[in-house]
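# Commentary on secondary and tertiary structure
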Amino acid sequence: MRTAESLKFIPLNRRNITNPGSMPLASYVPAAAFGTSSAYNLQRVHPITREVSEHPANDYLVPNRTPTTTLVPNGTVTDVKMDNGSAGNEYTVSYNYGGHAVEVRSLHNDEIHVQPGQVVNPGDIIGLSGSTGRSTGPHTHNEYYVDGQLVNGATFMINGKPVQEIFLGYSR
C-alpha cells in the first residue's frame, strides 16, 4: 500500500510541494481551504440536471488527483465500485468510533487504491480525488452514516466534534 510517507510530491495548484511525510495528507492539504462547492442539502437543485435531488455530503474543491486518506485508525474498506453511474468511482470505509458504527462513502474519485476487506490507517492513500460520474469538477464528496443513519458530517457530533473533522481534519 502506498502511504503519505512514500510520496515525494503531491500536486497542488499546478505545482508540486514537498511532502513532509510525517503529517497526514488531510492536515496539510486541507480541502476546506479551496472552498465548498456544494453543501449538504436534501433539497438541492442539481447543477447538471437542474432537478431537485438529495445531496447528502459537503463537497470541497481540491486539485484533481489529490490523495485521500483518513485520520482515524483501523477502518475497513467495505465496498469499492468503479464507474458506478452518477457516483463515478466510489469506496466505503467502516469504522467503530466513540461507541458508534461509522461509514464514510466517498464518490467521484479519479483512482481508488484499496480493495474490500483492506484495513486503512492514517496516512494510507485510499484514492485520488477526481470528477468521475455526474460531477462539475474535481472535489471530495464524503457521505457519513452513523449507526446506519445518514448525517451531515459538518454538524453531526461524536464526543463533541463534527464527524467530518474527526475523519478528514476539517468541518466547514
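Residues numbered from 1 in each chain as written. Predicted model: local features only at pLDDT ≥ 70, side-chain atom pairs only at ≥ 80, totals over all residues. Heavy atoms only, no water.

### As for the overall build of the protein chain
Note the cut-off: Secondary structure is summarised from DSSP: a helix means a run of H or I of at least four residues, a strand means a run of E of at least two, and numbering begins at the N terminus for each. For each residue, the accessible area found with a 1.4 Å probe, counting protein chains only, is set against the maximum for its type, and the residue is called buried under 20%, exposed over 50%, and partly exposed in between. Values of accessible area rely on a 1.4 Å probe in the Shrake-Rupley scheme; residue burial ignores everything except the protein chains shown.
Assigned secondary structure in the protein chain consists of two helices and 17 strands. Taken over 172 residues, the protein chain has a buried fraction of 46%. Roughly 8,200 Å² of accessible area belongs to the protein chain as shown, and the carbon and sulfur atoms make up 48% of that amount.

### Points about the confidence of the model for the protein chain
Should pLDDT be low for a region, the predicted coordinates there are not to be read in detail. Formally: The predictor rates its confidence in each residue with pLDDT, a number between 0 and 100. Whether two residues are in contact is decided by their heavy atoms: any pair within 4.5 Å suffices.
Summarising the model, the protein chain shows a mean pLDDT of 77, and 73% of its residues fall at 70 or more. When pLDDT is averaged over each element of the protein chain, strand β8 (residues 75-81) comes out on top at 96 and strand β2 (residues 15-18) at the bottom at 32. Note on residues 1-33: pLDDT is under 50 here. Beyond four places in sequence and across chains, it has 68 contacts.

### Considering the sheet that holds strand β11 (residues 111-112)
The line we're drawing: When DSSP finds two or more bridges between two strands, those strands count as paired.
Taken in spatial order, the three strands line up as β7-β13-β11 in an open sheet, and their pairing is antiparallel. With partners counted over all chains shown, the strands left at the sheet margins are β7 (67-68) and β11, one partner each. In the sheet, β11 pairs with strand β13 (residues 127-128) via two bridges, with the strands oriented antiparallel. What sits directly across from isoleucine 112, in β13, is glycine 127.

### Re the pattern of salt bridges
Condition: The salt bridge criterion pairs a side-chain nitrogen of Lys or Arg with a carboxyl oxygen of Asp or Glu, the two atoms within 4 Å.
For the structure shown, the criterion picks out six salt bridges. Ionic pairing is found between arginine 65 and aspartate 110, a salt bridge with its closest N-O pair at 2.4 Å. Taken as a pair, arginine 65 in the loop between β6 (58-61) and β7 and aspartate 110 in the loop between β10 (100-109) and β11 lie far apart in primary sequence, 45 residues in all. Among the residues examined, arginine 65 registers a relative accessible area of 33% and is labelled partly exposed. Residue classification places aspartate 110 among the partly exposed positions, given a relative accessible area of 27%. In the salt-bridge network here, residues are joined through shared partners; they are Arg65, Asp110 and Glu111.

### Details of the packing of aromatic side chains
Just so we agree on the cut-off: Two rings from Phe, Tyr or Trp (for Trp, the six-membered ring) form a pair when their centres are within 6.5 Å of each other. A pair whose planes differ by under 30 degrees is stacked, one over 60 is edge-to-face, and the rest are tilted.
A complete count under the given rule lists two aromatic pairs for this structure. Taken together, the ring pairs connect Tyr95, Tyr97 and Phe167 into an aromatic cluster.

### Overview of the nonpolar core
Short version of the rule: Here, nonpolar core means buried Ala, Val, Leu, Ile, Met, Phe, Trp, Tyr and Cys residues that are tied together by side-chain atoms lying within 4.5 Å of each other.
In this structure, Tyr95, Val102, Val120, Tyr144 and Phe167 are the most contacted members of the largest nonpolar core, which totals 19 residues. Per-element accounting of this core gives the leading share, four residues, to helix α2 (residues 163-168). Setting aside chain neighbours within four positions, we find valine 102 in contact with Val93, Ser94, Tyr95, Tyr97, Tyr145, Val146, Ile158 and Phe167.

### Things to note about the pairing of strand β14 (residues 139-146)
For β14, a buried count of seven out of eight residues is recorded, marking the element as mostly surrounded by other parts of the structure. Pairing geometry for β6 and β14, over four bridges, is antiparallel. Across the sheet, residue tyrosine 60 finds its bridge partner in β14, namely threonine 140. Direction of pairing for β14 relative to strand β15 (residues 149-151): antiparallel, over a ladder of three bridges. Counterpart to valine 146 in the pairing with β15 is glutamine 149.

### Topic: the side chain of threonine 92
With respect to the helices and strands, the residue threonine 92 is situated in strand β9 (residues 89-97). With near-sequence residues (within four places) excluded, threonine 92 lies in contact with Thr76, Val77, Thr78, Asp79, Glu103, Val104 and Arg105.

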